[in-house]
Amino acid sequence: MSQDAKVLPDSPVPPLKLKDRSALLAMSLIQAQCYRELGDFVAAEAAYRDVLTVDASNAKANQGLGCIAFAQSGGAEALTYFLKALEQDTASPENWRGYAQAFIAQGMHEGAREILQTAATFGVELGGYEQLCESVRLQAVYYDCLSTIQRLSEALDFDKVIQLSSESLRLFSDDPALLRSLAVAYMHKEQTTDALALLDRLCQRLPNSKECWSLLGMALQHLGRHEDAYRSYLRALDIDPYDVFILTNLGKNLLEIDFIDDAAVWFRLASLVDQNSWPARLDYARILIRLGDFAEAKEVIDSGDVNQAFPQDALDLIDEISGLEAETEPRQKPLRPAPLSTPSVEDTANLMILYGQERHRDMGVLAKKICEACPLHPFAWKVLGLALRVEGYLEQALTATRLAVATAPDDTEALCHLGGLANQLNKLPEAEKCARRALSLDQKSIPARILLGLVMIKLQRREEGEKYYREVLEIDPGNINVMPYFQFAMNADQNTSQEEILSEAKKFGQLIQVRKEEMYNLWRCNNYPKKLRVGFVSGDFRTHPVARSLEPLLAYLSKDKFETFAYSNHHSEDDVTERLKKHFFGWRSLVGKGDAVAARMVHDDKLHILIDLSGFTAFNRLPLFARKPAPVQVTWLGYFSTTGVPQIDYFISNKIQLFPQDARYFVEKLWFLPGAPVVIYPPDIEISTPIDVGDLPALENEFLTFGSFNRLMKINDNVVKVWSTILHEVPGSVLLLNAGELESETERNTTYARFFNQGISADRLILMDWRRSREEHLSLYNKVDIALDSFPYCGSTTSMEAMWMGVPVLSMKGDSFVSRIGETTNTLAGMREWIAVNSDDYVEKAKYLAQDIKRLASIRKGLREKVLSSPMFDAPRFAKDFEAALWGMWNKYILDSRKNKKN
């Protein structure tokens, strides 16, 4: 192998510098191109189509599909793809050349000449026509050669593969597909040294191909060069951290040199990455048997999809374990050789210091350095996973944290980190398994219980989820971290009363109280200002529903009357953050700052009013408000019930969502806006391609499609029962559910089962998750005739977006803020006939509204225009109402202060 070949690996986790959407697309295109150049047209086509699911008009993906079609069919199908590519990119010579060559291959020579002339008008010169024809002829020879080599390989005639590949390389020098075919043939003939030289060239030719690095690793492993093989496999894993084949090969390579414990790490990781892969699980079980860990081996075999039948290999392995367990002498674990590499004492000490100081960026950089040098260092992987998670790189963080758990399976903190990530990514079975494993190792673990509670509620096991939250409070009555989850669960529970919700919120409010001397009672703001200084506290100044409602307010809030400050409690920033920053007079980060320090920052900014945008949601800073750093404190937008914090003066709503008599369920005073309690920008402000309202799907389908885009935790058993009744009452109708949780196969099966118990078969349900672009998400409404709102926990942004897409929403009246959101939305939209008074009325309205298809079609055509002129999208009007509210609060504060002084 050449000394110049770059085989030393980077980390299996991408760099901390986050790749944006365009960079990720570019990497996907590179992988597709590698597959195509290696002659693996099936894998290449799949990769290009994956790109098109994210970016339907991607010119390079269409061009790549055109090249594949040209190779396989000689040009007929290729014409369509090259034309699509040209529509998006007329400056690309490859698009014009491919289009012209496809015409030539089909014998349409005049058309090809016209294409050359047209390309020239766009400034693209493709050379002479005869030269192009010769290129087509050579390509035909080349693709015929590849096809022959493939047939010979399938027939295991490697002598002829070597002969034909060698001859072809004289004509097509350094072609990757031919180099690969020749190298693989040499490996089959056990001429590994010859294969190695070719694979060295191949890795230099295609440095971003995981297959090339993986093949190089296999060749080096066969030659006994295990450390070089290890690094080649790591280079392949850097490109695709989820390739079970590469992970398994890493383990097998280490196993050959008796690094059994280290090998077990990679087998364990392979079984984590693909938990339903029998080969990966059985490989891991076998190595556990070698290590004498029979109980864990049996657990690994039993884990995975319960619907899968056990293969004979698994049954044989269970019998083997039973026999070994019966032996009188317990098996001894083999001695572990010295590790391949260990970090310096200085690096380890510095990493621990940075970790303790929560300096996420710095600790991430150092952890990555250690992981690159010492790929089996559990603490470094754990730290890197945490840093990547904070930076918003969830998929990369998942890989790093899986490695942390794989290298230290008894680390409860790493298990909880992994479970939290799996939960964020809706990998619920993995999240549950991690939490239960952590709890079995530490029966008093609070993080494990909080995680289990959250996962159970997502899995519709609400009572079990709330049980874990209550256990946390029994173990640690002063724990404030569990309260947001507990409050959220209670509000979603149809059996929880408003009195219970208020009682628990008050308990939280008492927990966060500080001594009087730690509270502010004098403020530095001007009592009679020309401008009010107003602060907003949130962890959601980024792509988030809260930001979608805050941005239009900030855009129209008078700069002559207000100076606004943002207090951000989240590390992650994106394009939305950058847009929001432009609207604020001051931007402050509260990340990593204690409540006392944060309160001092707010106080020093001389605010008149401080507004909480979170309530009991993630990344809230409610304890900050208990210190009263501003004279007037308000909660709005992010949460739908009381915070329980007595130092927060007002809760902003309107008289549709809340009635004056509802004040008894709030520690805050209610302040009613005259119009909408919240607005959003039209969704098309976030997308590059306009999305039109489509025709009513029922006109073409000849059946009605109901739909819900709400989170599954809002869909309680009563909702399932009512929706099932509607499906029974409206013959032929189907229900489309679009929720992030449905990415989990377990949750999909659970959802099917919940409706099946109500007599609804799987063919009446369309289950989809959220793995799509914003444009595709909104376009999905064009498949829905009527949206069904959940109850008592209604949709908010989802309902407004549905109406903007022309889909009316059937909602139900409620007796609390959260259960009146649907009523509020329909009232403001002028759609009161779409509000049901109870479950029976909900079913009857669905039946009645579904009968008149022509009327539904008419509503669909005019609904976007109707809601755009309603208060829900009237940002200027809302801003004026909000301005009046803020000045009203301040004037009342001044008036009350005067009265208190007189008394």
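None of these values were measured; they are calculated from a predicted model.

Caption draft 1: Geometry of the environment of Asp159. Summarising the element assignment, Asp159 is placed in helix 8 (residues 158-171). The spacing of Asp159 and Lys189 is 30 residues in sequence and 8.3 Å in space, taken between C-alpha atoms. Only 3.1 Å separates the side chain of Asp159 from the side chain of Lys189, close enough to count as a polar contact.

Caption draft 2: Region of the structure containing the pattern of salt bridges. Enumeration over the complete set of coordinates arrives at 46 salt bridges. The residue Lys210 makes a salt bridge to Asp243 at a minimum N-O spacing of 2.8 Å. With Lys210 in helix 11 (residues 210-222) and Asp243 in the loop between helix 12 (226-239) and helix 13 (244-255), this residue pair connects regions lying 33 residues apart in the sequence. Take Asp243: its relative accessible area is 15%, and that puts it in the buried class. One network of salt bridges, in which partners are shared, links Glu432, Arg436, Arg461 and Glu464.

Caption draft 3: Quick look at the confidence of the model for the chain. Mean pLDDT over the chain: 87, with 94% of residues reaching 70 or higher. The model gives residues 1-20 a pLDDT under 50, and that stretch makes 62 contacts with residues more than four places away or in other chains. Here residues 333-340 is modelled with pLDDT under 50, and outside its nearest four sequence neighbours on either side it reaches 13 contacts, counting other chains as well.

Caption draft 4: Here's a closer look at the side chain of Glu747. Note that Glu747 resides in helix 34 (residues 745-756). It is Arg754 that comes nearest to the buried, bridge-free Glu747 among opposite-charge side chains, at 5.4 Å. Excluding residues that lie within four positions of it along the chain, Glu747 makes contacts with Leu428, Lys458, Leu459, Gln460, Leu712, Glu741 and Leu742.

Caption draft 5: Focus on the pairing of strand 10 (residues 765-768). Taking every second residue as pointing to the same face, the buried face of strand 10 carries Leu765 and Leu767, while none of Ile766 and Met768 on the other face is buried. Examined bridge by bridge, strand 9 (residues 734-738) and strand 10 share 4 bridges and lie parallel to one another. Of the residues in strand 10, the one forming a bridge with Leu735 is Leu765. Note on the crossover from strand 9 through helix 34 to strand 10: the handedness is right-handed.

Caption draft 6: Broad picture of the sheet that holds strand 2 (residues 562-568). Taken together, 7 strands build an open sheet; the order of strands is 3-2-1-4-5-6-7 and the sheet is parallel. With partners counted over all chains shown, the strands left at the sheet margins are strand 3 (586-589) and strand 7 (669-673), one partner each. Strand after strand, the sheet turns through a mean of 25° between neighbouring axes, direction not considered. The pairing of strand 1 (residues 532-538) with strand 2 spans 7 bridges and is parallel. Each residue of the ladder has a partner; that of Phe536, found in strand 2, is Ala566. Where helix 40 (residues 875-902) meets the sheet, its contacts fall on strand 1, strand 2, strand 4 (609-612), strand 5 (632-635), strand 6 (650-654) and strand 7, and the angle it forms with strand 7 comes to roughly 145°.

Caption draft 7: View of a negative patch on the surface. On the surface, Asp313, Asp316, Asp319 and Glu320 cluster together into a patch of negative charge. Here Asp316 is to be found in helix 17 (residues 312-325). Classification of Asp316 as partly exposed rests on a relative accessible area of 40%.

Caption draft 8: Structural detail: the environment of His109. Secondary-structure assignment places His109 in helix 6 (residues 109-121). Taking the C-alpha atoms as reference points, His109 and Tyr129, 20 residues apart in sequence, are found 9.3 Å from one another. With residues near it in sequence (within four places) discarded, His109 still touches Ile104 and Tyr129. At 2.5 Å, the side chain of His109 forms a polar contact with the side chain of Tyr129.

Caption draft 9: Region of the structure containing the sheet that holds strand 11 (residues 786-788). Taken in spatial order, the 6 strands of this open sheet run 10-9-8-11-12-13, and their pairing is parallel. The open sheet terminates on both sides in strands that have one partner only, identified here as strand 10 and strand 13 (835-836). Strand contacts of helix 34: strand 9 and strand 10, with the helix running at about 155° to strand 10, the strand carrying the most contacts. Across the sheet, helix 38 (residues 839-851) lies against strand 8 (705-708), strand 11, strand 12 (809-812) and strand 13, angled at about 165° from strand 12, the strand it touches most.

Caption draft 10: Representation of the side chain of Ser568. Relative to the assigned elements, Ser568 resides in strand 2. Ser568 sits in the buried class, given a relative accessible area of 6%. Discounting chain neighbours no more than four positions away, the residues touching Ser568 are Ser538, Phe541, Trp587, Arg588, Ser589, Leu590 and Val591.

Caption draft 11: Fine view of helix 12. The terminal C-alpha atoms of helix 12, which comprises 14 residues, lie 20 Å apart, in line with the 20 Å expected from a rise of 1.5 Å per residue. All buried positions along helix 12 are accounted for by His226, Ala229, Tyr230, Arg231, Ser232, Tyr233, Leu234, Arg235, Ala236, Leu237, Asp238 and Ile239.

Caption draft 12: Focus on helix 6. Given a rise of 1.5 Å per residue, 13 residues ought to cover 18 Å, and the 19 Å separating the end C-alpha atoms of helix 6 matches this to within 8%. Inspection of helix 6 places Gly111, Ala112, Ile115, Leu116 and Ala119 among the buried residues, and these make up the whole buried set. The arc that holds the buried residues of helix 6, viewed along the axis, is 150°, so those residues lie on one side. Exposed and facing more than 90 degrees away from the buried side of helix 6 are Glu110, Glu114, Gln117 and Thr121.

Analysis parameters
- Residues numbered from 1 in each chain as written.
- Predicted model: local features only at pLDDT ≥ 70, side-chain atom pairs only at ≥ 80, totals over all residues.
- Heavy atoms only, no water.
- Helix = DSSP H or I, 4+ residues; strand = E, 2+ residues; numbered from the N terminus.
- Polar contact = N/O pair within 3.5 Å; in protein donor to acceptor, adjacent residues only side chain to side chain.
- Salt bridge = Lys/Arg side-chain N within 4 Å of Asp/Glu carboxyl O.
- Buried < 20%, exposed > 50% of the residue type's maximum accessible area, 1.4 Å probe, protein only.
- pLDDT = per-residue confidence, 0-100.
- Contact = heavy atoms within 4.5 Å.
- Lys, Arg positive; Asp, Glu negative; His and termini not counted.
- Pairing = 2+ DSSP bridges.
- Right-handed = clockwise from strand over helix to strand, strands pointing away.
- Axes fitted to C-alpha atoms, helices over the stretch in contact; angles between N-to-C directions.
- Patch = residues over 30% accessible without salt bridge, like charges linked within 9 Å, V, L, I, M, F, W, Y side chains within 5 Å.
- Areas by Shrake-Rupley, 256 points an atom, 1.4 Å probe, with all protein chains shown as cover.
- Charge placed at Lys NZ, Arg CZ, Asp CG, Glu CD.
- Expected span 1.5 Å × (residues − 1).
- Arc of directions from axis to C-beta.

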